[in-house]
Amino acid sequence: DRISSSFIMEFKKVVKLASVRLDQSTIHNHNCTLSEDSDGILKYPKIINFARKKPNIHHCVMCGEEGVPIPSQNKGVCKSCDSAFWFNGDENVVFKFCKGCKIFCVLKEFEEKPDASKCQKCRQRGSHSYFQKKSEMSSSRPNVNNFIHND
């Protein structure tokens, strides 16, 4: 189900921002996807609420707060906003920041783990990398049985 068009109309009247933060109960009550006229890609300038300023002036592009911790890899998104759920009325989409891709992703990219910090693609890549390293480490270890001498 999509978020109702009446909700979107009210959202656009009340909120002058591109995107609004949602609480978790709203997320779990709606199955939100991209609108049919969307190309499936979230355009950063269309979903942020505040334009990035000069490098020496730090503020969050989502909440607008100044002086909040913003990790350098977060593209202007503060620590509070990088784990929040967001709704964009123009795209009719719920999205959040993926700490693996370092971009905003639609909620369906997080699949059955909407509260995860990384999208499904990044979690799979990390899991694959972990098991590959684990396999390489176990194959490079000397076999203890080769060192046992029966005198």
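Quantities reported herein were computed from a predicted structural model and do not represent experimental measurements.

Enquirer: Looking at this structure, how should I read the pattern of salt bridges?
Expert: Any two side chains of opposite charge can pair, so long as their charged atoms come close to each other. All told, the structure shown has 1 salt bridge when counted by the stated rule. K99 is the salt-bridge partner of D82, the closest N and O atoms lying 3.4 Å from each other. Highlighted residues: D82 in the loop between α3 (44–47) and β2 (85–88) and K99 in the loop between β3 (93–98) and β4 (103–106), separated in sequence by 17 residues. Accessibility expressed as a relative area gives 5% for D82, which makes it buried. Take K99: its relative accessible area is 30%, and that puts it in the partly exposed class.

Enquirer: Mind showing me how you'd approach the environment of N49 here?
Expert: Mapping N49 onto the fold places it in the loop between α3 and β2. Between the C-alpha atom of N49 and that of S19, which follows or precedes it by 30 residues, the distance is 6.3 Å. What N49 contacts, discounting residues up to four positions off in sequence, is L17, A18, S19, V61, M62 and W86. Polar side-chain contacts of N49 include one of 2.9 Å to the backbone nitrogen of A18.

Enquirer: Looking at this model, I keep getting lost on the nonpolar core. Mind explaining?
Expert: If you look at soluble globular proteins, the nonpolar side chains tend to sit buried side by side. L42, M62, V77, C81, W86, F95 and F104 are the most contacted members of the largest nonpolar core, which has 16 residues in total. For this core, the secondary structure elements donating two or more residues are β3 and β4. For this core, the element with the most residues is β3, which contributes 3 residues. F104 has contacts with L42, Y44, I47, I48, M62, V77, F95, K96 and F97, leaving out every residue within four places of it along the chain.

Enquirer: Looking at this structure, how should I read the confidence of the model for the chain?
Expert: Low pLDDT marks stretches whose predicted atomic positions should not be read closely. The predicted model of the chain averages 77 in pLDDT, with 69% of residues at 70 or higher. Note on residues 33–39: pLDDT under 50 across the span, and 16 contacts to partners over four residues away in sequence or across chains.

Enquirer: What is the right way to look at the packing of aromatic side chains in this model?
Expert: The relation between two aromatic rings is expressed through the spacing of the ring centres and the mutual angle of the planes. In this structure the tally under the stated criterion is 3 aromatic pairs. Judged by centre distance (5.4 Å) and plane angle (90°), the ring pair of F95 and F104 falls under edge-to-face. Both residues of the pair, F95 and F104, count as buried. Aromatic pair F97 and F104: ring centres 5.4 Å apart, planes at 75°, arrangement edge-to-face. Linked through ring pairs, Y44, F95, F97 and F104 together constitute an aromatic cluster. Over the ring of F110 we find K96, and its NZ or CZ is 5.0 Å from the ring centre.

Basis of the calculations
- Residues numbered from 1 in each chain as written.
- Predicted model: local features only at pLDDT ≥ 70, side-chain atom pairs only at ≥ 80, totals over all residues.
- Heavy atoms only, no water.
- Salt bridge = Lys/Arg side-chain N within 4 Å of Asp/Glu carboxyl O.
- Helix = DSSP H or I, 4+ residues; strand = E, 2+ residues; numbered from the N terminus.
- Buried < 20%, exposed > 50% of the residue type's maximum accessible area, 1.4 Å probe, protein only.
- Contact = heavy atoms within 4.5 Å.
- Polar contact = N/O pair within 3.5 Å; in protein donor to acceptor, adjacent residues only side chain to side chain.
- Core = buried A, V, L, I, M, F, W, Y, C linked by side-chain atoms within 4.5 Å.
- pLDDT = per-residue confidence, 0-100.
- Phe/Tyr/Trp six-rings, centres within 6.5 Å; stacked < 30°, edge-to-face > 60°.
- Lys NZ or Arg CZ within 6 Å of the ring centre and 35° of its normal.

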